[in-house]
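# Fold and geometry: a report
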Amino acid sequence: MTLRIAVTGWTGQVVCAMLERVPVGVEVIALRRPHLDLAVPKTVAPALRSARPDVIVNTAAYTAVDHAESEPELAMRVNGEAAGEAARAAAALGTPMIQLSTDYVFDGALDRPYREDDPTGPISAYGASKLAGERAVAAATDNHAILRTAWIYSPFGNNFVKTMLRLAETRDEIGVVTDQAGCPTSALDIADAIFTVARNLTGRTGDARLRGVFHMSAAGEAVWADVAEAIFAERERQGGKPVRVKRITTADYPTPARRPANSRLDCSKLARAHDVRLADWQGSLQACVARLLKDQDRDQQR
């Protein structure tokens, strides 16, 4: 029997990864505008009903972290209200709901990886809107898994890896912050994990341990400067010119939105409940960089 998964979004990194990694026995229905527009929450329930899903996955979000500081109402409507609408639709349909969330629900002040029961305290409009989405989902349905992840990158869309590779084309040295710690997480690895969680939620309906809030990021940890150095090292192995990383502080690179200094997530609960353990960040990052460079070479040869 085919497992039908309705996913909000179309061009986001995680939904693109899910569409690429669909396993046998699974059908992914990606819902997009105008039929589903998270900026117009009333469109959410009808679109989800028409998809007739076995599981609903809400990956679409307002992710422009800095722009959210000047558009907090829009961020809250998309990330908060629309998530609640999706969860209410899931409850009405009797289907489980998977909500993708973020390390930005924390203030980043802890000196250890965050656990699911640590107090939240977002320091940005984006983080506040994602926390509102978590709370709206939890209030609407008990049959949910909220998956907090961090530092997402992939061969798709816009992300840190692509930015570094683009800057490396014209620069010999790039300043990257060294006082924000976390773990770069591949959207492809996230997609595989979501499929496992979806199967568990539908196959083990009576297991309460499968529901609630979970942390889900790649194994290991790094600061952004470490990630940049790993990107440039792989680029050099693939024949690119050397690029130096200048280690700077967050104060040296001010942005409209504050970022958590500590984005490290303790993912042991997800491993215990769902038997999901994401791979070490370095291997997945190298594979992504190699793929992007290969795609770049192919494009240049056309």
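Presented here is an overview of the structure given in this document. Just so it is clear, the model here is predicted, and its values are computed rather than measured.

Basis of the calculations
Residues numbered from 1 in each chain as written. Predicted model: local features only at pLDDT ≥ 70, side-chain atom pairs only at ≥ 80, totals over all residues. Heavy atoms only, no water. Core = buried A, V, L, I, M, F, W, Y, C linked by side-chain atoms within 4.5 Å. Buried < 20%, exposed > 50% of the residue type's maximum accessible area, 1.4 Å probe, protein only. Helix = DSSP H or I, 4+ residues; strand = E, 2+ residues; numbered from the N terminus. Contact = heavy atoms within 4.5 Å. Axes fitted to C-alpha atoms, helices over the stretch in contact; angles between N-to-C directions. Parallel < 35°, antiparallel > 145°, perpendicular 65-115°, else oblique. Left-handed = near helix turned anticlockwise from the far one by under 90°. Salt bridge = Lys/Arg side-chain N within 4 Å of Asp/Glu carboxyl O. Nonpolar A, V, L, I, M, F, W, Y, C, P; charged D, E, K, R; others polar.

Formed by 37 residues in total, the largest nonpolar core has its most connected members in V161, M164, V176, V227, I231, F232 and L285. Sorting the residues of this core by element identifies α5 (160–168), β7 (173–177), β11 (222–223), α7 (224–237), β12 (244–248) and α9 (281–301) as the ones contributing at least two each. If we ignore the near neighbours within four places in the chain, the residues touching I231 are F160, V161, M164, L165, L285 and V289. Counting 35 residues, the second-largest nonpolar core is a separate cluster that includes V26, L100, A198 and L210.

Direction vectors running N to C along helix α2 (residues 44–51) and helix α3 (residues 72–93) enclose 40 degrees, while the axes themselves pass 9 Å from each other. Here α2 is positioned oblique relative to α3, judged by the angle of their axes. α2 and α3 meet at a crossing whose hand is right-handed. Contacts from V44, A45, L48 and R49 in α2 reach A82, E85, A86, A89 and L93 in α3.

Quick look at the environment of A109 now. Mapped onto the elements, A109 comes out in the loop between β4 (97–102) and α4 (125–140). Here A109 falls in the exposed class, since its relative accessible area comes to 64%. Separated by 119 residues in sequence, A109 and A228 place their C-alpha atoms 23 Å apart.

This part is about the pattern of salt bridges. Applying the stated criterion across every chain yields a total of 17 salt bridges. With a closest N to O distance of 3.1 Å, E85 and R88 form a salt bridge. Within this pair, E85 and its partner R88 are both found in helix α3, separated by 3 residues, close to a single helical turn. With a relative accessible area of 44%, R88 lands in the partly exposed category. Between R235 and E169 there is a salt bridge whose closest N-O contact spans 3.3 Å. In this pair, R235 is assigned in helix α7 and E169 in the loop between α5 and β7, connecting sequence segments 66 residues apart. Through salt bridges with shared partners, one network takes in R204, D207 and R209.

Packing of helix α1 (residues 13–20) against helix α6 (residues 187–203) brings their axes to within 8 Å, and their N-to-C directions diverge by 65 degrees. As the angle between them shows, α1 and α6 are arranged roughly perpendicular. Considering only the axes of α1 and α6, their crossing is right-handed. Every residue of α6 that contacts α1 at Q13, V14, A17, M18 and E20 is listed here: A187, L188, I190, A191, I194 and F195. Of the residues that constitute the contact of α1 with α6, the class distribution is 9 nonpolar, 1 polar and 1 charged.

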